[in-house]
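Survey of secondary and tertiary structure
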Amino acid sequence: MARALELARANVARTSPNPWVGAVVVRDGRVVGEGFHEGPGTPHAEVAALEQAGELAKGADVYVSLEPCAVSGRTGPCTDALIEAGVTRVFYAMDDPDPRTEGRARAILTAAGIHVEAGLHEAEARELLEPYSHQRKTSRPFVTAKFAVSLDGKIAATSGDSRWVSSDESRVAAHERRSRVDGIVVGSETVVVDNPQLTARPNGKLSAHQPLRVVLDGRGRISTAAAVFAGRGRPLVITSDASSQEWRSEISMVSDVEVVSAGSNGGVDPAAALNVLNARGALHVLVEGGGRLHGSFFDAGLVDKVYAVIAPLIIGGEGRGAVVGAGAATMSAAWRLDRVSVNKCGPDIIVEGYPRRGQLTSED
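The structure presented is a predicted model; accordingly, all values stated were derived computationally and were not measured.

1. Some words on the side chain of Asp194
- Tracing the backbone through its elements, the reader meets Asp194 in helix 8 (residues 188-194).
- When neighbours within four sequence positions are excluded, Asp194 is seen to be in contact with Gly160, Ser162, Arg163, Glu189 and Arg320.

See below:
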């Protein structure tokens, strides 16, 4: 199962809206086939592994990082493929949260005389497939709010200069994270002030998988000359009725454009933006700011995880904050992180956790 999970992990974010899955076929204690799902319309991991095993699949054991699918999509059900191959036992790490399949594979395979066991390396599989499970249960992408701040909570100097708050090591890690998501979301202020490319460059070079570059611009502030429009593939600009038709027509020459309802602050409604991304098959998006955009997502309760880089420097002054918006009126209403992990990356500290409202108890 460890190898099946390894195969799945190598393909994170490349299969959306489908889950990243790995499979291994074992016969007489020897691996005779392995495979992973490469993307929509391609064979699922089980089918790829069975094809590699060929006749040796008959009487073999199959290890899969996710419950085999039991429904027809662009490809046939994996349960049918396993039965036709004549395998003896099937082990999978976790049930598929997709309501079309959840729990059905066990019944189908058992009825065909195949021994089935679930739960092997389950915790590891659940962590790996967290964005997929979240999307299947909520019908919206998993949102990670990512920001880098100084010790005094600033994301830029008083002049607006923000290059760089975090260290070289933290930026490499951030680009690696970008290569494992479906989209990077920023607000118009970030594009106007920082002019980011929004590409994934873990080692200074473009990674094979590039997330969708997404700009939320409710009023039509950004220019077609922005760096975000220079990368390969078309980015996506999500705007509101407050922007002019003339501006939308101009932006549509370099980007896809979607018009949604305006949020309470006059910008793009974050829930509406997530609906657009969900319709495009996104499972996991990074919201990278600026502060007003982060604030709108927190105010709407739409942040599922926080990835914060805390740099050992003091900026002072009235610099930009990482999260603004309405905020919490009282400390008891503040967002607190649950299941927190703290790690060093170069001189910086990386804090990750899951935001929850109110006071956490010792049981949390």
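The structure having been displayed, the exposition proceeds.
2. Thoughts on empty space enclosed by the protein
- Applying the stated criterion to the full structure yields one cavity of 30 Å³ or more.
- The computed volume of the largest cavity comes to approximately 40 Å³.
- For the largest cavity, the full set of lining residues is Thr199, Leu206, Gln210, Pro211, Arg213, Gly231 and Arg232.

3. Observations concerning helix 3 (residues 78-85)
- Among all positions in helix 3, only Cys78, Thr79, Ala81 and Leu82 are buried. The arc enclosing the buried residues of helix 3, seen along the axis, measures out at 160°, which places them on a common side.
- Those residues of helix 3 that are buried are in contact with helix 2 (45-53), strand 3 (61-64), strand 4 (89-92) and helix 4 (104-111).

4. Description of the sheet that holds strand 1 (residues 22-27)
- Taking strand neighbours across the sheet as the criterion, the five strands line up as 2-1-3-4-5 in an open arrangement whose pairing is mixed. Either end of the sheet is taken by a strand with one partner, and the two such strands are strand 2 (30-36) and strand 5 (115-118). Strand-to-strand twist in this sheet, taken as the mean axis angle between neighbours without regard to direction, amounts to 15°.
- Both strand 1 and strand 2 contribute to a ladder of six bridges, which runs antiparallel. Paired with Gly22 across the strands is Phe36, a residue of strand 2.
- Where helix 2 meets the sheet, it contacts strand 1, strand 2 and strand 3, and its direction lies at approximately 140° from that of strand 2.

5. Quick word on the confidence of the model for the protein
- Of all residues in the protein, 97% attain a pLDDT of 70 or more, and the chain-wide mean is 92.
- Mean pLDDT values over the elements of the protein span from 91, in helix 8, up to 98, in strand 3.

Thresholds, definitions, all that
Residues numbered from 1 in each chain as written. Predicted model: local features only at pLDDT ≥ 70, side-chain atom pairs only at ≥ 80, totals over all residues. Heavy atoms only, no water. Helix = DSSP H or I, 4+ residues; strand = E, 2+ residues; numbered from the N terminus. Contact = heavy atoms within 4.5 Å. 1 Å grid on protein atoms, 1.4 Å probe; cavity = no way out; pocket = protein on both sides within 12 Å on 5 of 7 lines; lining within 4 Å. Points joined across faces, edges and corners; volume = space filled by probe spheres on them. Buried < 20%, exposed > 50% of the residue type's maximum accessible area, 1.4 Å probe, protein only. Arc of directions from axis to C-beta. Pairing = 2+ DSSP bridges. Axes fitted to C-alpha atoms, helices over the stretch in contact; angles between N-to-C directions. pLDDT = per-residue confidence, 0-100.

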